[in-house]
Protein chains: 2
Amino acid sequence: MTEQGAPQAGTNLDQAGTNLDPWYHHYAERAGGLRASEVRALFAVASRPEVVSLAGGMPYVAALPQDLVINAMDRVMVEQGAVALQYGSGQGVPALREQILEVMALEGIRANADDIVVTTGSQHALELVSKLFLDPGDVVLSEGPSYVTAMVIFKSYQAEVEHVPMDEHGLIPEALRERIASLKAAGKTMKFLYTIPSFHNPAGVTLSWERRLEILEIAKANDILVLEDNPYGLLYFDQPAPDAMRSVEQDGVVYLGTFSKTLAPGFRVGWALAPHAIREKLVLANEAAVLSPSSFSQLVISEYLSTADWKGQINTFRGVYHERKNAMLSALDEYLPELSWTNPNGGFYVWVTLPEQLDSKAMLPRAVKELVAYTPGTAFFADGDGRQNMRLSFCYPTPENIRVGIRRLATVIRGELDLLDTFAGTFTDTGVLSSIEDRRRFSAPPPNIS
Amino acid sequence: MTEQGAPQAGTNLDQAGTNLDPWYHHYAERAGGLRASEVRALFAVASRPEVVSLAGGMPYVAALPQDLVINAMDRVMVEQGAVALQYGSGQGVPALREQILEVMALEGIRANADDIVVTTGSQHALELVSKLFLDPGDVVLSEGPSYVTAMVIFKSYQAEVEHVPMDEHGLIPEALRERIASLKAAGKTMKFLYTIPSFHNPAGVTLSWERRLEILEIAKANDILVLEDNPYGLLYFDQPAPDAMRSVEQDGVVYLGTFSKTLAPGFRVGWALAPHAIREKLVLANEAAVLSPSSFSQLVISEYLSTADWKGQINTFRGVYHERKNAMLSALDEYLPELSWTNPNGGFYVWVTLPEQLDSKAMLPRAVKELVAYTPGTAFFADGDGRQNMRLSFCYPTPENIRVGIRRLATVIRGELDLLDTFAGTFTDTGVLSSIEDRRRFSAPPPNIS
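Fair warning: this is a prediction, and the values are worked out from it, not measured in the lab.

### As for the pairing of strand β4 (residues 160–167) of chain A
Residues and elements named next belong to chain A.
Item 1. Strand direction decides the pairing type here: strand β3 (residues 139–144) and β4, joined by 6 bridges, are parallel. When the sheet's bridge partners are listed, L141 is paired in β4 with E162.
Item 2. Where the polypeptide runs from β3 across helix α6 (residues 148–156) and back to β4, its parallel neighbour, the crossover connection is right-handed.
Item 3. In this sheet, strand β5 (residues 170–171) lies alongside β4 in antiparallel orientation, the contact comprising 2 bridges. Bridge assignment links D167 to a residue of β5, and that residue is G170.
Item 4. Following β4, the chain reverses through 2 residues before pairing antiparallel with β5.

### As for the relation of the copies chain B and chain A
Item 1. Overlay of chain B on chain A (RMSD 0.0 Å): rotation 180 degrees, translation along the axis 0.0 Å. The symmetry that links the two subunits is that of a two-fold axis.
Item 2. Most of the interface of chain B is mirrored in chain A, where 100% of its interface residues are also at the interface.

### What about the pattern of salt bridges?
All names here are of chain A.
Item 1. Here the structure, examined in full by the defined rule, presents 32 salt bridges over all chains.
Item 2. A salt bridge links E303 to R75, with the nearest nitrogen and oxygen atoms 2.5 Å apart. With E303 in helix α10 (residues 295–307) and R75 in helix α3 (residues 66–84), this residue pair connects regions lying 228 residues apart in the sequence.
Item 3. The exposure class assigned to R75 is partly exposed, which follows from its relative accessible area of 27%.

### Comments concerning the sheet that holds strand β9 (residues 270–273) of chain B
Strand pairing in a sheet takes place through backbone hydrogen bonds and is either antiparallel or parallel in direction.
Residues and elements named next belong to chain B.
Item 1. Taking strand neighbours across the sheet as the criterion, the 8 strands line up as β2-β9-β8-β7-β6-β3-β4-β5 in an open arrangement whose pairing is mixed. Strands at the two margins of the open sheet, each flanked by one partner only, are β2 (116–119) and β5 (170–171).
Item 2. Across the sheet, helix α4 (residues 94–105) is in contact with β2, β8 (253–258) and β9; its angle to β2 comes to roughly 100 degrees.
Item 3. Sitting on the sheet, helix α5 (residues 121–133) is in contact with β2, β6 (190–195), β7 (225–229), β8 and β9, with an inclination near 155 degrees to β8.

### With respect to helix α8 (residues 209–221) of chain A
All names here are of chain A.
Item 1. With 13 residues, α8 should reach 18 Å at 1.5 Å per residue; the first-to-last C-alpha distance of 19 Å fits that figure.
Item 2. Those residues of α8 not exposed but buried are R211, R212, I215, L216, I218 and A219. For α8, the angular spread of the buried residues around the axis is 160 degrees, confining them to a single face. Exposed residues lying more than 90 degrees from the buried face of α8 are E210, E217, K220 and A221.
Item 3. Its buried side turned inward, α8 meets β4, β5, α7 (173–185), β6 (190–195), β7 (225–229) and β8 (253–258).

### A short note on the packing of aromatic side chains
Item 1. Counting across every chain of the model gives 31 aromatic pairs over all chains.
Item 2. Considering the side-chain rings of F133 of chain A and F192 of chain A, the 6.4 Å spacing of their centres and the 90 degrees angle between planes classify their relative orientation as edge-to-face. Of the two residues, F133 of chain A sits in helix α5 (residues 121–133) while F192 of chain A sits in strand β6, which places them 59 residues apart along the sequence.
Item 3. Take F192 of chain A: its relative accessible area is 0%, and that puts it in the buried class.
Item 4. One aromatic cluster is present, formed by Y27 of chain A together with F133, F154, F192 and Y194 of chain B through successive ring pairs.
Item 5. Its end group placed over the ring of Y236 of chain A, R318 of chain A keeps NZ or CZ at 3.8 Å from the ring centre.

### Regarding the side chain of T258 of chain B
Residue and element names in this part refer to chain B.
Item 1. Within the secondary structure layout, T258 lies in strand β8.
Item 2. According to the relative accessible area criterion, T258 is buried, its value standing at 7%.
Item 3. For T258, the side chain forms a polar contact with the main-chain nitrogen of S260, separated by 2.9 Å.
Item 4. Excluding residues that lie within four positions of it along the chain, T258 makes contacts with S122, P231, V269, G270 and W271.

### Thoughts on unusual backbone geometry
If a residue is not glycine, its phi is most likely negative; likewise, a peptide bond is most likely trans.
Item 1. Here the bond from N201 of chain A into P202 of chain A is cis, since omega is 10 degrees, no more than 30 degrees from zero.
Item 2. Looking at where P202 of chain A falls in the secondary structure, it is placed in the loop between β6 and α8.
Item 3. Along the chain, G144 of chain B connects to P145 of chain B via a cis peptide bond; the corresponding omega equals 0 degrees.
Item 4. Mapped onto the elements of the fold, P145 of chain B is located in the loop between β3 (139–144) and α6 (148–156).
Item 5. Here the phi dihedral of F199 of chain A falls at roughly 55 degrees; this positive angle occurs in a residue that is not glycine.
Item 6. Mapped onto the elements of the fold, F199 of chain A is located in the loop between β6 and α8.
Item 7. Classification of F199 of chain A as buried rests on a relative accessible area of 2%.

What counts, and where the lines are drawn
Residues numbered from 1 in each chain as written. Chains lettered and ligands numbered in written order. Predicted model: local features only at pLDDT ≥ 70, side-chain atom pairs only at ≥ 80, totals over all residues. Heavy atoms only, no water. Pairing = 2+ DSSP bridges. Helix = DSSP H or I, 4+ residues; strand = E, 2+ residues; numbered from the N terminus. Right-handed = clockwise from strand over helix to strand, strands pointing away. Least-squares fit on C-alpha atoms with pLDDT ≥ 70 in both. Contact = heavy atoms within 4.5 Å. Salt bridge = Lys/Arg side-chain N within 4 Å of Asp/Glu carboxyl O. Buried < 20%, exposed > 50% of the residue type's maximum accessible area, 1.4 Å probe, protein only. Axes fitted to C-alpha atoms, helices over the stretch in contact; angles between N-to-C directions. Expected span 1.5 Å × (residues − 1). Arc of directions from axis to C-beta. Phe/Tyr/Trp six-rings, centres within 6.5 Å; stacked < 30°, edge-to-face > 60°. Lys NZ or Arg CZ within 6 Å of the ring centre and 35° of its normal. Polar contact = N/O pair within 3.5 Å; in protein donor to acceptor, adjacent residues only side chain to side chain.

Right under this line is the structure:
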């Protein structure tokens, strides 16, 4: 018997695909956690050039002078070609690991190159740490909202993601304490706290120094490992983020870094800095997964760091992204003053809160039809929350295109509100909008995050 | 209470390391499957330049003209720099996937580029397939001996590896049938048959065409997926290997290929060709693990394949490895005629059988002291078998160094036999050695493999 309203066999493509897979019953239980994003098909459409995409997290690599990269590559091939083309160590090139220490020192981290494992982007470090630690049913604590592809990994190892709320100073320590207590009471095993303390993806907020210390203490007291993911830390605008959490706590933090945002993601080079015993296991897991990270990519980056003004290049990136953030916020101010949003001091993202009546996921197809794309807030919650939010990325489009995109978004949102107004008959411009306008103060927690 | 003979606390380094790890009780159950190879420390010593290493599987990348690579890199950066430096698709660059079809066509495979997933070396394809399919307690069937780092992955997902014996024509179908029957009777779930049909690592043998067909039928009849790992297929010496198993069976085979041996491993680019539904899940797993494989590496390889005589380059590699295999076999003939070994028609490895009294693992430190290294046979069995075997690689050292290495190995083996002779008092040269010499016929199954 078919439930009323359920699709008939053959009418649902997913169902049909499933039935056609002769290996359907052979997959591991964990494979159930690997699902295509609901908005994946739409993003394929959104990648058409006429669409202004405020959806992706692609860095603006055109701001990197190609000569710098070509020169580094050519020198690597001429001077170390046989090494670059060969398998390498599962832990990564020693010279690069020494240079990574210099990068991390900019955020207060003192460490030993022996405790670094180079990975295929910091994404792969996340995967390896998850493989090492997560048993089915374990809990990962994370900010709500959180980085979408981290949550995909946690779920792929059958862990449960428990969100802890944020406000404009980041994760709220008291909320973390309470959540840990209730999860303990429920008999749950909490393996780690996954956090993006600086220029959060997607929320755009930064964890204050006082809270960093407090959260480290909470984690320590509860024997929970902190997984500090810091892809954006060096891309600040007005003033640097507080030092990394790893700068004051070695034994309780696995720190993840990457060259994807400060250089280029196409090389796929990131790293984990881990307590020694964990680092040993990470190397074994890395070897099992890929034998060794790309020697070629590592040597090119090492050569670039040795010979180019990489700190100056990061300053260039900071200027580019700062300008784009300003363009986005002034366009929001101009075209969508009735919304509220975060004001990031670095990174790639603004987190927008819509009027209560709107649903960012339901609205997305209409936005794409108006040639603008964003990521619905639901993507960043494990529990279906986030319908009233959207993430807007200012990293990739030009300031001009950002303005165009926000203008189109305003058309979509106005259209949605008008439609609701017409049908509901209870909605008035002056009523809802003015009350939302009152809340649009960046110094106060955006209502969706707190 | 300490068991008699057990090390005291602090006397065993592993034990001490364990006690010092504050996160020791936090690892996932599967992390227990990730162990350092027993010979790992020794291999660090063996990488000193004065040691002739017959242990590794490093391709001889010096046979690749560096100009070809530099030109490809420079063109990629000039013509497609912004794409090369950026994130890409989780499935891999479409143009490269089309070119991979041409590579696979050389071994009889007809496929669709849409069913290919580009991975970070074929090692990562192995990892992803394992993550998708293996639940704890599942069985993976594989040749005995088998590729060491494949077994590490299977164990890291808590699967059991069951070896099926080989002879000089590869995996023995009748033995496979029997093993499947007994595992079924024991209530085991067999997820796949992992096989290296051409120029096997470490055994050096090739599965005959008739057996390929028979084994595909056995797998199909028993609903077991075949994981065909083919890194060496194009590196044949006198005549090509039979066509790939995937050439006659699409739905039941996941095929793994790589550019590590036909071009260079430093780029970390391999691929999986999979039935459509499995391919979809592999893309999701790939995205979760690394977001996307390196755009830069993929575009350089694509450019190389478009503009260089890549088939001619593979012929060059074939010539290099053929010469080295001949050097190894003639040195074995000259210096160690009392042993038996396989005679590979391609690939990188010779599998050697020692006189029964010898233990390849116990002998390794003495070999390294004599400045020659090999891989003990035990590394290639999940069950401790293989003490009477060693894998000798002819891929990396020059023919001259191969001769030097085998001469040193002969010194070590003679020394061992003399020692045994002295102590046992029952061993005579004429007795054991001549009987072994009788068995040294390549057309007959080496006793250790059959």
